[in-house]
Amino acid sequence: MISEWVPFLNVVDKLSFLAIILGLVIGYSSFTRRRTIWIGIEYGLVLIPMLLLATIERTDSLYWDLRGLLIRLFDSFSFFAQNQPVYDTVFFVTLSSLGFWIIGLHAGYQFARHRNFLSIVIPSGLVMLIVQIYDPFVPLRAWGLAFYIFMTLVLLGRLNFLNNKTNWKVKHVFLTSDAGWDMSRGALTFAAIAVFIAWALPGVITNIKPMTRAWNDFIHPVTERLSDAVSALDSPYGVSSSGNFYNSALS
């Protein structure tokens, strides 16, 4: 929502929050993995269309509102399938909603049931990084990504402590009452130092020509295909000197 690429991106925020809550609930439940997948699909089929209704002009009939929304989405998907630009902003909001719904469910479920650190932080972290790459025009927002990385490192330290605590209890290792606080404080200190160093270093990677060429060769076919899906995006910062904020250059 903070990027203001299209109207009604706050729908994605609400769906992300609901997805994480649902993921935590089904993660702590005794449902099988297959059952949890179906629960996520069923709730998504209900909640996503209901929240997407905020993106259209409402009438007094829920049936006609849903019908109009589905017709717009069907037309947009048809254009996209035919490799044509899609200028309906609801299409981008829908794709974002589906993506963040899956990411939120997966993160909540993995945290509650498996405590799988990489599965929790990598998908959402990659999305935040992509948004920051294509919307770097307000430098202060980069600290949102820094805060996320800081919290993930703190989470890593906490999960590591909890896992070790279980093993220590099995092995009858004695722990003082201050052990948990000392380790948590160490994790906070390490996370703060690591994030500070990462933000203080210059962008060396972008200056390494072979790596830049390899990245461009890899990403070009993908961006060519997906560019039609983001034709409705509009920069909230006016027109840049190059005429296009969302061009194909990483810099």
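Residues numbered from 1 in each chain as written. Predicted model: local features only at pLDDT ≥ 70, side-chain atom pairs only at ≥ 80, totals over all residues. Heavy atoms only, no water.

**Q** How would you explain helix 5 (residues 117-134) if you had to name every residue and give the values?
**A** Helix length check: helix 5, at 18 residues, gives a terminal C-alpha distance of 26 Å against a target of 26 Å (1.5 Å per residue), a fit within 8%. Buried within helix 5 are the following residues: Phe117, Ser119, Ile120, Val121, Ser124, Gly125 and Gln132. Its buried side turned inward, helix 5 meets helix 4 (89-113) and helix 6 (142-170). (Helix = DSSP H or I, 4+ residues; strand = E, 2+ residues; numbered from the N terminus. Expected span 1.5 Å × (residues − 1). Buried < 20%, exposed > 50% of the residue type's maximum accessible area, 1.4 Å probe, protein only. Contact = heavy atoms within 4.5 Å.)

**Q** Break down the pattern of salt bridges for me, citing the residues and quoting the values.
**A** Tallied over the entire structure, the rule returns 3 salt bridges. With its nearest N and O atoms 3.9 Å apart, the salt bridge here joins Arg35 to Glu42. In this structure, Arg72 and Asp88 form a salt bridge, with 2.6 Å as the shortest nitrogen-oxygen distance. Of this pair, Arg72 sits in helix 3 (residues 62-81) while Asp88 sits in the loop between helix 3 and helix 4, and the two are 16 residues apart along the sequence. (Salt bridge = Lys/Arg side-chain N within 4 Å of Asp/Glu carboxyl O.)

**Q** I'd like a description of a positive patch on the surface, backed by residues and values.
**A** Side chains of Arg115, Arg158, Lys165 and Lys169 sit close together on the surface and give a patch of like positive charge. When you line up the elements, Arg115 lands in the loop between helix 4 and helix 5. Arg115 gets classed as partly exposed once you look at its relative accessible area, which sits at 40%. (Patch = residues over 30% accessible without salt bridge, like charges linked within 9 Å, V, L, I, M, F, W, Y side chains within 5 Å. Areas by Shrake-Rupley, 256 points an atom, 1.4 Å probe, with all protein chains shown as cover. Lys, Arg positive; Asp, Glu negative; His and termini not counted. Charge placed at Lys NZ, Arg CZ, Asp CG, Glu CD.)

**Q** Mind laying out the nonpolar core, listing which residues take part and the relevant values?
**A** Counting 23 residues, the largest nonpolar core has Leu9, Leu69, Val93 and Trp101 as its most contacted members. At the level of secondary structure, the elements contributing two or more residues to this core comprise helix 1 (10-28), helix 2 (33-52), helix 3 and helix 4. Counting 6 residues, the second largest nonpolar core, distinct from the first, contains Ile120, Val121, Tyr148 and Leu159. (Core = buried A, V, L, I, M, F, W, Y, C linked by side-chain atoms within 4.5 Å.)

**Q** Residue-level account of the packing of aromatic side chains, with values.
**A** Scanning the entire structure with this criterion turns up 3 aromatic pairs. Ring centres of Tyr63 and Trp64 lie 5.3 Å apart, and the angle between their planes is 75°; this geometry places the pair in the edge-to-face category. Take Tyr63: its relative accessible area is 54%, and that puts it in the exposed class. Ring geometry for Phe80 against Phe91: centres 5.8 Å apart, planes inclined by 45°, an arrangement best described as tilted. Of this pair, Phe80 sits in helix 3 while Phe91 sits in helix 4, and the two are 11 residues apart along the sequence. Here the aromatic cluster, defined as three or more aromatic residues joined through ring pairs, consists of Phe77, Phe80 and Phe91. (Phe/Tyr/Trp six-rings, centres within 6.5 Å; stacked < 30°, edge-to-face > 60°.)

**Q** Outline a nonpolar patch on the surface, listing residues and values.
**A** Residues Ile37, Trp38, Ile41, Leu45, Val46, Met50 and Leu62 make up a contiguous nonpolar surface patch of about 670 Å² in total accessible area. A per-element tally of the nonpolar patch places helix 2 first, with 6 residues. Assessed through its relative accessible area of 44%, Trp38 is described here as partly exposed.

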